[in-house]
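Below are the chains, spelled out letter by letter.
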Amino acid sequence: MAKATDFDLVVIGSGPGGYTAAIRAAQLGMKVLCVEKEPKLGGTCLRVGCIPSKTLLETTEKFVTARDRFSRIGIKCDNVAMDLPVLMARKEKVVDTLATGIAGLFKKNKVERMLGTASFTGSKTIKVTSTSGEKSISAEKFLIATGSVPIELPNLKFDGKKIISSDQAIALDRVPEKMVVIGAGAIGLELSSVWSRLGAKVTVLEIYHTTLPGADEEMSKLMEKTLREQGIAFHFASQATGIKEDKTGLKVRFAAKDAKAGAAAAETELPADVVLVAVGRKAYTGELNLAAAGVQTDSRGRITINHAFQTTAADIFAIGDVVAGPMLAHKAEEEGVAAVELMAGKAGHVDYNTIPLVVYTAPELAWVGKTQEELTTQGVKFRTGKFRFTANARALCMDEAHGVVKILADEHSDRVLGVHILGPQASSLIAEAVMAMAMGASSEDIARTCHAHPSLPEAVREAALAVEGRMINS
Ligand code: NAI
């Protein structure tokens, strides 16, 4: 018998959450359509987020290493210079390669795609608008994966040229002389690193008293110290209040607040050629017309879902940045897979306690599980093991002996509760900690696992040994 609807599932949005869910759903036997308003598949992460920024970070890190550190390890090279147009062109090529890769994966898995903007016309129907007109589509189920957009500050509205979001900060065609970055979150720190390495004088304004609110405070402070040493200036407990432009140029106004007394101080001004506003992102439900489908949002505009990713409309589901939780590509992927597995009657599940967070500075900061502050607030008794990369042989060989591994383990059970790594390749090292926590490992389990020598993961093992106060190499 012919089906009453065009598709079993329509996924709206092709970011890491949407495209992964579409492929998994097709693997599970569903007839799937993915609707995307941009010509390139991949969403924010691939087009203007994680991938372009990581290309810029990797390349500029190589550049400063060659310029500033090669001579001390015996590599002679003069006149090291960065060719910005080549850097930007290669970044686009990386993006295009990966976007084409998703299109290939869709073909391979028989996921149909449609270019256009989706709006609900009922709980089982959408219309898709594109330059070639409007099309009405029906489906048994919908998955909303429309992501997020940068938050704008009321007195610093984006103009795309001088007051910019991360969308433009990954594509500047010249290095600004002076750059003010508002927000010392992941985006602020990563893009400050890129432009500072390329020669901009970068100053970061942050409301909180150190970098990365929400990270383990010891690590945030180490991050702050490291980035200051790299030439980035910070004003903490400082709120950007506005901007003015006169004959002498652009100036960002900010009010520094005395963190202890809570008393407001006088406004100060900072000159800037470019101001990057990186104060967070907000759920994007744009043209979806959620009301027509009976889908509700919370006070922050995020789509409300239950434990099965189901919205207030029974056959409409939502995942990723458009719902509550950390705005991370891999969190969206996990949710996308779990959502369609649950739709297919399988046991989809996301372990929110083992989602790693990474800031791709140099060195990188990565963590999983609880911070020391969270455990203290919750009254959990824990033991701490720390190991510095200065005592890790491989890090020394690599000339990257900077940073520390910190493991927090339950005082009674020894179960690993949190792992925090500031150091070389922390984004990769954290995978062992994630696996350990997902398996419910103790610090002793990590300590008794054989690690290759010489290697960076030995630092994780030594930190686990340190929980018992029995590390060997420190
Ligand atoms: P964020 O929420 O991580 O950081 C924003 C920062 O701006 C906070 O430190 C906040 O205290 C500060 N702030 C807010 N208003 C301010 C004001 N008026 N003046 C001064 N400071 C102010 O947001 P961000 O960095 O924009 O990133 C957005 C999302 O994207 C986050 O959820 C982040 O986790 C995610 N992301 C993750 C990356 C990664 O995993 N490597 C990379 C980039 C983004």
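Here the structure is a predicted model, which means the values were calculated and not measured.

(A) Representation of the overall build of the protein chain in the model. Counting its secondary structure elements, the protein chain contains 13 helices and 22 strands. A globule of 474 residues ought to have a C-alpha radius of gyration of about 23 Å, and the protein chain, at 24 Å, matches this closely. Dimensions of the protein chain, computed from the C-alpha atoms along their principal axes, are close to 70 × 65 × 50 Å. Taking all 474 residues of the protein chain together, 50% fall into the buried category.

(B) Structural view of the site of the ligand. The environment of the ligand is formed by 22 residues, the closest being Ile187, Glu190, Glu206, Gly280 and Val358. Contacts to the ligand include Glu190, whose side-chain N or O atom sits 2.9 Å from a nitrogen atom. Take Val358: an N or O atom from its main chain is 2.6 Å from a nitrogen atom of the ligand. Contact with the protein chains covers 78% of the free accessible surface of the ligand, which is 840 Å².

(C) Structural context of the packing of helix H3 (residues 50-69) against helix H6 (residues 186-197). Axis separation between H3 and H6 bottoms out at 9 Å; the angle between their running directions is 40 degrees. Taken together, H3 and H6 sit at an angle that is classed as oblique. Where H3 crosses over H6, the handedness of that crossing is left-handed. Counted together, Ser53, Lys54, Leu56, Leu57, Thr60, Glu61, Phe63, Val64 and Arg67 of H3 and Glu190, Leu191, Ser193, Val194 and Arg197 of H6 form the full contact between these two elements. The class makeup of the residues in the contact of H3 with H6 is 6 nonpolar, 3 polar and 5 charged.

(D) Representation of the environment of Thr268. Structurally, Thr268 is set in strand E14 (residues 264-272). For Thr268, a relative accessible area of 35% puts it in the partly exposed group. The spatial distance from the C-alpha of Thr268 to the C-alpha of Ala200 is 21 Å, given a sequence separation of 68 residues. Residue contacts for Thr268: discarding those within four places in its chain leaves Val252, Arg253 and Phe254.

(E) Molecular detail of the pairing of strand E9 (residues 178-182). A large share of E9 lies buried, amounting to 4 of its 5 residues. Both E9 and strand E10 (residues 201-205) contribute to a ladder of 5 bridges, which runs parallel. In the sheet register, Met179 faces E10, and the bridge partner there is Val202. The handedness of the E9 to E10 crossover, carried by H6, is right-handed. When E9 meets strand E15 (residues 274-277), the two strands line up parallel, connected through 4 bridges. Looking at the pairing, Val181 lines up with Leu276 of E15.

Criteria and thresholds
- Residues numbered from 1 in each chain as written.
- Predicted model: local features only at pLDDT ≥ 70, side-chain atom pairs only at ≥ 80, totals over all residues.
- Heavy atoms only, no water.
- Helix = DSSP H or I, 4+ residues; strand = E, 2+ residues; numbered from the N terminus.
- Rg over C-alpha atoms; globule rule 2.2 N^0.38 Å.
- Buried < 20%, exposed > 50% of the residue type's maximum accessible area, 1.4 Å probe, protein only.
- Near = heavy atom within 4 Å.
- Polar contact = N/O pair within 3.5 Å; in protein donor to acceptor, adjacent residues only side chain to side chain.
- Areas by Shrake-Rupley, 256 points an atom, 1.4 Å probe, with all protein chains shown as cover.
- Axes fitted to C-alpha atoms, helices over the stretch in contact; angles between N-to-C directions.
- Parallel < 35°, antiparallel > 145°, perpendicular 65-115°, else oblique.
- Left-handed = near helix turned anticlockwise from the far one by under 90°.
- Contact = heavy atoms within 4.5 Å.
- Nonpolar A, V, L, I, M, F, W, Y, C, P; charged D, E, K, R; others polar.
- Pairing = 2+ DSSP bridges.
- Right-handed = clockwise from strand over helix to strand, strands pointing away.

Fair warning: the whole summary comes from geometry, so function is off the table for now.
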